[in-house]
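Architecture and fold: a report
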Amino acid sequence: MGNLPSLKPRELLKILKKHGFVEKRQVGSHIQLFHPETNLRTTVPFHNKDLKRKTLVSILKQANISARI
């Protein structure tokens, strides 16, 4: 897993969208994303603080993206 950079939710959304995810809907401060080809789904908490490492790793696993950004 190595050293993950600390990311803000806005930066993570940009990475997920580059990998083909699209915003499906937003409920409160959480944005739900969906990948139309692989049917993968993930939810990103949207706030101004950096994401916790465990949360970031969990989102990347759900999105099937390597943790080496």
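See the structure above.
Presented here is a report on the structure given in the accompanying data block.

Quick notes on the rules
- Residues numbered from 1 in each chain as written.
- Predicted model: local features only at pLDDT ≥ 70, side-chain atom pairs only at ≥ 80, totals over all residues.
- Heavy atoms only, no water.
- Core = buried A, V, L, I, M, F, W, Y, C linked by side-chain atoms within 4.5 Å.
- Buried < 20%, exposed > 50% of the residue type's maximum accessible area, 1.4 Å probe, protein only.
- Helix = DSSP H or I, 4+ residues; strand = E, 2+ residues; numbered from the N terminus.
- Pairing = 2+ DSSP bridges.
- Axes fitted to C-alpha atoms, helices over the stretch in contact; angles between N-to-C directions.
- Salt bridge = Lys/Arg side-chain N within 4 Å of Asp/Glu carboxyl O.
- Arc of directions from axis to C-beta.
- Contact = heavy atoms within 4.5 Å.

This next bit is on the nonpolar core. With 17 residues, the main nonpolar core has L12, L16, L33, V44 and L56 as its most contacted residues. Going through the elements one at a time, α1 (9–18), β2 (30–34) and α2 (53–62) are the ones with two or more residues in this core.

A separate point is the environment of S58. Inspection of the secondary structure puts S58 in helix α2. In this structure, the C-alpha to C-alpha distance between S58 and T43, residues 15 residues apart in sequence, is 9.9 Å.

Let's shift gears to the sheet that holds β2. Strand order across the open sheet formed by 3 strands is β1-β2-β3, with antiparallel pairing between neighbours. For this open sheet the edge positions go to β1 (22–27) and β3 (41–45), each flanked by a neighbour on one side alone. Strand-to-strand twist of the sheet, defined as the mean angle between neighbouring strand axes without regard to direction, takes the value 25°.

A few words now on the pattern of salt bridges. If you walk through the whole model with that rule in mind, you get 2 salt bridges. In this structure, the salt-bridge partner of D50 is K8, at a minimum N-O distance of 3.4 Å. Of the two residues, D50 is situated in the loop between β3 and α2 and K8 in the segment before α1; the sequence distance between them amounts to 42 residues. For D50, a relative accessible area of 37% gives the class partly exposed.

This paragraph deals with α2. Buried within α2 we find L56, V57, I59 and L60. For α2, the buried positions fall inside an angular range of 165° around the axis, keeping them on one side. Away from its buried face, by an angle of more than 90 degrees, α2 presents the exposed residues K54 and K61. Where α2 is buried, its residues touch α1 and β3. Once α2 ends, the next one or two residues include N64, with phi positive near 60°.

Let us now look at unusual backbone geometry. A positive phi angle, close to 60°, is found at N39, a residue other than glycine. Within the secondary structure layout, N39 lies in the loop between β2 and β3. For N39, a relative accessible area of 52% puts it in the exposed group. Non-glycine residue N64 carries a positive phi angle of around 60°. Topologically, N64 is positioned in the segment after α2.

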